[in-house]
Amino acid sequence: MRMQKISGSAFAAFLLTLPSFGFAQAILTITTPEQSASFTLEELLEMPQTTVVTKNDYVDHPAAFQGPLLRAILETFEIDRHADLNMIALNDFNSTVPAADAFDYDVILAVLRDGEGMTVRNKGPIWVIYPMDEHPELRDDAYNNRLVWQLKEISVE
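What you are looking at is a predicted structure, and each value in this text was computed from that prediction instead of being measured.

Draft legend 1. Quick look at the pattern of salt bridges. Under the counting rule described, the total for this entry stands at five salt bridges. Note that Asp 106 is salt-bridged to Arg 71, the shortest N-O span being 2.6 Å. In this pair, Asp 106 sits in the loop between α4 (100–104) and β7 (108–110) while Arg 71 sits in helix α3 (residues 70–76), placing the two residues 35 residues apart along the sequence. You can call Asp 106 partly exposed: its relative accessible area is 32%. The exposure class of Arg 71 is buried, given its relative accessible area of 18%.

What follows is the structure, given as structure tokens:
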């Protein structure tokens, strides 16, 4: 009987460590009224990548951010430019972003900063980045509040 308890505990511990042995975990969920889909970091990295070199109020020097275009993801889900996107972070912070931003600018879901993955401590694993250096009109508090880091979900309203 005691052996079964030890074996059961060992098996439970093994199951808890499975994600660290290569099973990819979803880091982003997109939810629309019609559907929901989740993406792993690997899947986001497999999408066509765009690099935006910019600075913002949260980085001291221009950085090269890389990730898929938000516009491409919206088009995949047939999300209209007139929709509102509720961007939700790991800490449940949320910001409503007009989908039109993604169609008017090269807004990316950055998964790399200067070629490196971003940890949760460093605003990752996903940070919504606007090309602020290319478009001076984006250097406004309204857009600054849309730079959601630690993004975990986009809910379309």
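Draft legend 2. Fine view of the environment of Asp 106. As a C-alpha pair, Asp 106 and Leu 69 span 37 residues in sequence and 6.4 Å in three-dimensional space. Among residues more than four places away in sequence, those in contact with Asp 106 are Val 52, Leu 69, Arg 71, Ile 129 and Pro 131. Polar contacts involving the side chain of Asp 106 include one to the side chain of Arg 71, which spans 2.6 Å.

Draft legend 3. Broad picture of unusual backbone geometry. With an omega of 5 degrees, the peptide bond running from Gly 124 to Pro 125 counts as cis. For Pro 125, the position within the fold is in the loop between β9 (116–117) and β10 (127–129). In the Ramachandran plot, Asp 114 falls in the positive-phi region, its phi being about 50 degrees despite a non-glycine side chain. Inspection of the secondary structure assignment puts Asp 114 in the loop between β8 (112–113) and β9. Not every positive phi belongs to a glycine, and Lys 123 is a case in point at roughly 75 degrees. Among the secondary structure elements, Lys 123 is positioned in the loop between β9 and β10. Relative accessible area serves as the criterion here: at 22%, Lys 123 is assigned to the partly exposed category.

Draft legend 4. How the structure looks around the pairing of strand β5 (residues 84–89). Among the six residues of β5, five are classified as buried, and the element is accordingly described as predominantly covered. Where β5 lies against strand β6 (residues 94–98), five bridges are found, and the strand directions are antiparallel. Its bridge partner being in β6, Leu 85 is matched across the sheet by Val 97. Between β5 and the antiparallel strand that follows it, β6, lie four residues; Asp 92 among them carries a positive phi value of about 70 degrees.

Draft legend 5. Fine view of the environment of Asp 80. On the secondary structure map, Asp 80 appears in the loop between α3 and β5. Residue class for Asp 80 comes out partly exposed when judged on its relative accessible area of 45%. The spacing of Asp 80 and Phe 103 is 23 residues in sequence and 9.5 Å in space, taken between C-alpha atoms. Setting aside its immediate chain neighbours within four residues, Asp 80 contacts Ala 99 and Phe 103. One polar contact links the side chain of Asp 80 to the main-chain amide nitrogen of His 82, over a distance of 2.7 Å.

Draft legend 6. Examining the packing of aromatic side chains more closely. Applying the stated criterion to the full structure yields six aromatic pairs. Consider the rings of Tyr 58 and Trp 149, whose centres lie 4.7 Å apart with planes at 70 degrees: the pair is edge-to-face. Taken as a pair, Tyr 58 in the loop between β3 (50–54) and β4 (63–67) and Trp 149 in the loop between α5 (141–144) and β11 (151–156) lie far apart in primary sequence, 91 residues in all. Overall, the relative accessible area of 28% leaves Trp 149 in the partly exposed class. Taken together through their ring pairs, the aromatic side chains of Tyr 58, Phe 65, Trp 127 and Trp 149 make up a single cluster. The cationic tip of Lys 123 hangs over the ring face of Trp 127; the distance from NZ or CZ to the ring centre is 5.9 Å.

Conventions adopted
Residues numbered from 1 in each chain as written. Predicted model: local features only at pLDDT ≥ 70, side-chain atom pairs only at ≥ 80, totals over all residues. Heavy atoms only, no water. Salt bridge = Lys/Arg side-chain N within 4 Å of Asp/Glu carboxyl O. Helix = DSSP H or I, 4+ residues; strand = E, 2+ residues; numbered from the N terminus. Buried < 20%, exposed > 50% of the residue type's maximum accessible area, 1.4 Å probe, protein only. Contact = heavy atoms within 4.5 Å. Polar contact = N/O pair within 3.5 Å; in protein donor to acceptor, adjacent residues only side chain to side chain. Pairing = 2+ DSSP bridges. Phe/Tyr/Trp six-rings, centres within 6.5 Å; stacked < 30°, edge-to-face > 60°. Lys NZ or Arg CZ within 6 Å of the ring centre and 35° of its normal.

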